[in-house]
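Architecture and fold: a report
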Amino acid sequence: MISPEVAHLSTEIPQSTSHPGMAERAIDAATDVSRTIGEVAGGLHAAVDRMTSAIDEARKPGRPLATIAAITREAPLASLFVAFLFGVAVARRR
């Protein structure tokens, strides 16, 4: 006959109620980093799209980038000199 103590034994594996282990914390941290990288990448993608559309708009005929491109094609050395002087002026301010 089976004793009453043996009849009430459970075959379930006891679950730990302690704090998460190192592996679980590492997985959570990796998930958070992955989510953050995804958000940053999405933000950068949106910024690149806005920048691209602004540049495309500025390159239309009669707009500033189209004018600068035409001047640069006509006088490349003079344009380089002006760009150099502009760079020197900006560098001296800092």
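Described below are features of the structure shown in this document. (Residues numbered from 1 in each chain as written. Predicted model: local features only at pLDDT ≥ 70, side-chain atom pairs only at ≥ 80, totals over all residues. Heavy atoms only, no water.)

Examining the overall build of the protein
To be explicit about the condition: For the purposes of this entry, the term helix denotes a DSSP run of H or I that reaches at least four residues, the term strand denotes a run of E that reaches at least two, and both are numbered from the N terminus. Residue exposure (1.4 Å probe, protein chains only): buried if accessible area is under 20% of the type maximum, exposed if over 50%, otherwise partly exposed.
Helix and strand counts for the protein stand at four helices and zero strands. Mapped in sequence order, the helices and strands of the protein form the string α-α-α-α. The buried share of the protein, taken over its 94 residues, is 2%.

Quick look at the environment of Arg-63
For the record, the criterion: In protein, a polar contact means a hydrogen-donor-capable atom and an acceptor-capable atom, both N or O and within 3.5 Å, with residues adjacent in sequence counting only if both atoms are side-chain atoms; elsewhere, any N or O pair within 3.5 Å suffices.
Inspection of the secondary structure puts Arg-63 in the loop between helix 2 (22–58) and helix 3 (64–74). For Arg-63, a relative accessible area of 38% gives the class partly exposed. A distance of 3.4 Å separates the side chain of Arg-63 from the side chain of Glu-57, its partner in a polar contact.

Concerning a nonpolar patch on the surface
Our working definition: Patches draw on residues past 30% relative accessible area with no salt bridge. Two like charges within 9 Å are joined, as are two nonpolar side chains (Val, Leu, Ile, Met, Phe, Trp, Tyr) within 5 Å. We get accessible surface area from the Shrake-Rupley algorithm with a probe of 1.4 Å; when it comes to residues, only the shown protein chains can shield them. Every case where a carboxyl oxygen of Asp or Glu lies within 4 Å of a side-chain nitrogen of Lys or Arg is listed as a salt bridge.
Together, Phe-81, Val-82, Phe-84, Leu-85 and Val-88 line one region of the surface with nonpolar side chains, adding up to about 490 Å² of accessible area. Along the chain, Val-82 turns up in helix 4 (residues 76–93).

Observations regarding the pattern of salt bridges
Here the structure, examined in full by the defined rule, presents three salt bridges. Put simply, Asp-32 and Arg-35 hold a salt bridge, and the shortest N to O gap is 3.5 Å. Remark: Arg-35 and Asp-32 occur in helix 2; sequence separation between them is three residues, near one turn of the helix. Exposure remark for Asp-32: the relative accessible area of 43% places this residue in the partly exposed category. What you see here is one network of salt bridges that share partners, running through Glu-57, Lys-60 and Arg-63.

Here's the deal with the side chain of Ser-79
What counts here: Throughout, a contact is declared for two residues whenever any of their heavy atoms are within 4.5 Å.
Considering the arrangement of structural elements, one finds Ser-79 in helix 4. Look at Ser-79 and you get buried, because its relative accessible area is 17%. A polar contact is formed between the side chain of Ser-79 and the backbone oxygen of Ala-75, at a distance of 2.9 Å. Those residues in contact with Ser-79 that lie beyond four places of it in its chain are Ile-71 and Thr-72.

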